[in-house]
Amino acid sequence: MNESKQVLILIRTCPYGMASAGEGFRAIIGLAGMEIDTHAVLVDDGVLVALKGQLPDALGMHKLEDAFSQLSDFGAKLYVHEPSLTERGLSADDCIPAEVLTDDKLRELISQVDHVITFN
Amino acid sequence: MIIGFLLRTGPYTSQNVDTCYHLAKRFLAKGHGVRMYLYEDGVINLHKEIKSPQERNVPEMMTELAKAGAEIRACGTCARFRGIRKADIIEEAKQAGMVVFAKYANECDRFLSFGF
Amino acid sequence: MENLYLITRSTFERTAWKLAARLAKSGDTLCFIQDAVLAVKGPVELAGKLSELESAGVTVRFLKEDLAARGLSAPADKVINYDGLTELIENAKRIIS
């Protein structure tokens, strides 16, 4: 195999309504588990994935807040897009620990990776 | 050059599989490698029992790509969650885990994602 | 080309185009395919943003086959076919959808 690529996974949808965030999580740990530098970025409605206080038990679904809180254990890094939070009346304080990205910081991160893979 | 595709939607529901087919066909004709990882409902595109009278046949389109050199793999977990067995998918493709998805991310020069 | 932003969903129904519009910089390309070719019709907010981006050095393209399928058209110099899209992908460092 060639030297490892750097991959940015973009999660763009709200959790639970669509499986995208959960399936994106599986992709992130799959990549990180293979020693790929994996950056998980929550943008648009995807920022809801990081919101604290999720109670999906009544839906019979796994709590994505907990799953994404554990990303660093798998060697992946979590980021949240600040303008997407602001648009939704949220702030980093409402979220699980994640690096906050402005548009400039997100642009810079994109410029450092080989692939951007989207879960929308 | 090797071009990777992540396809997350099924046949006859979204145009995604058609877009992937038209692009992949051209990349193969230009001598590029193609790797396609079918994820979530994307695995259904490989179901060999799909019948489509008077319409384009998606698994046949996938077979055509594979015969022209595309490597096509379907997420095994996604297939199980949709009741698709190994024997249900076209012979030119296989089920494979996230290890293969990671391998594709590493070996591809370009990577396209098609979702919702 | 640095980044190719590939937009696939209706620009009226969905807001996926907004992230591309806010991140795209000189040297990037925004390409509208599938239902996103509706971008030729708006919304107004998008039309304004696209001309702004073009002045800033961003290239805007629409996929011919998807326009034609929907009975839509775009200025000829902004229309590419599947072969053209293949080239855009070859020439982009990364593709963002």
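Described in the following lines is the structure provided in the data block. (Residues numbered from 1 in each chain as written. Chains lettered and ligands numbered in written order. Predicted model: local features only at pLDDT ≥ 70, side-chain atom pairs only at ≥ 80, totals over all residues. Heavy atoms only, no water.)

Right, let's talk about helix 2 (residues 58–67) of chain B for a bit. All names here are of chain B. Within helix 2, seven of the ten residues are buried, which leaves it mostly tucked inside the rest of the structure. Val-58, Pro-59, Met-61, Met-62, Thr-63, Leu-65 and Ala-66 are the residues of helix 2 that are buried. Measuring from the backbone nitrogen of Glu-60 back to the side-chain oxygen at the start of helix 2 gives 3.0 Å, which picks out Asn-57 as the cap. Positive backbone phi, at 115 degrees, marks Gly-69, one or two positions downstream of helix 2. (Buried < 20%, exposed > 50% of the residue type's maximum accessible area, 1.4 Å probe, protein only. Helix = DSSP H or I, 4+ residues; strand = E, 2+ residues; numbered from the N terminus. Polar contact = N/O pair within 3.5 Å; in protein donor to acceptor, adjacent residues only side chain to side chain.)

Further remarks concern the interface of chain C and chain A. The partner chain A presents 16 residues to the twelve residues of chain C that form the contact. Across the interface of chain C and chain A, roughly 1,300 Å² is buried in total on both sides, 50% from carbon and sulfur atoms. Where chain C packs against chain A, one counts two salt bridges. Residues Arg-22 of chain C and Glu-87 of chain A are paired through a salt bridge, measuring 3.4 Å at the closest nitrogen-oxygen approach. When contributions to the side of chain C that touches chain A are tallied by element, the ones reaching two or more residues are helix 1 (16–23) and strand 5 (94–96) of chain C. When residues of the side of chain C that touches chain A are assigned to their parent elements, the largest contribution, four residues, is made by helix 1 of chain C. Across the side of chain C that touches chain A, the residue classes break down as five nonpolar, two polar and five charged. (Contact = heavy atoms within 4.5 Å. Buried area = accessible area lost by both parts, 1.4 Å probe. Salt bridge = Lys/Arg side-chain N within 4 Å of Asp/Glu carboxyl O. Nonpolar A, V, L, I, M, F, W, Y, C, P; charged D, E, K, R; others polar.)

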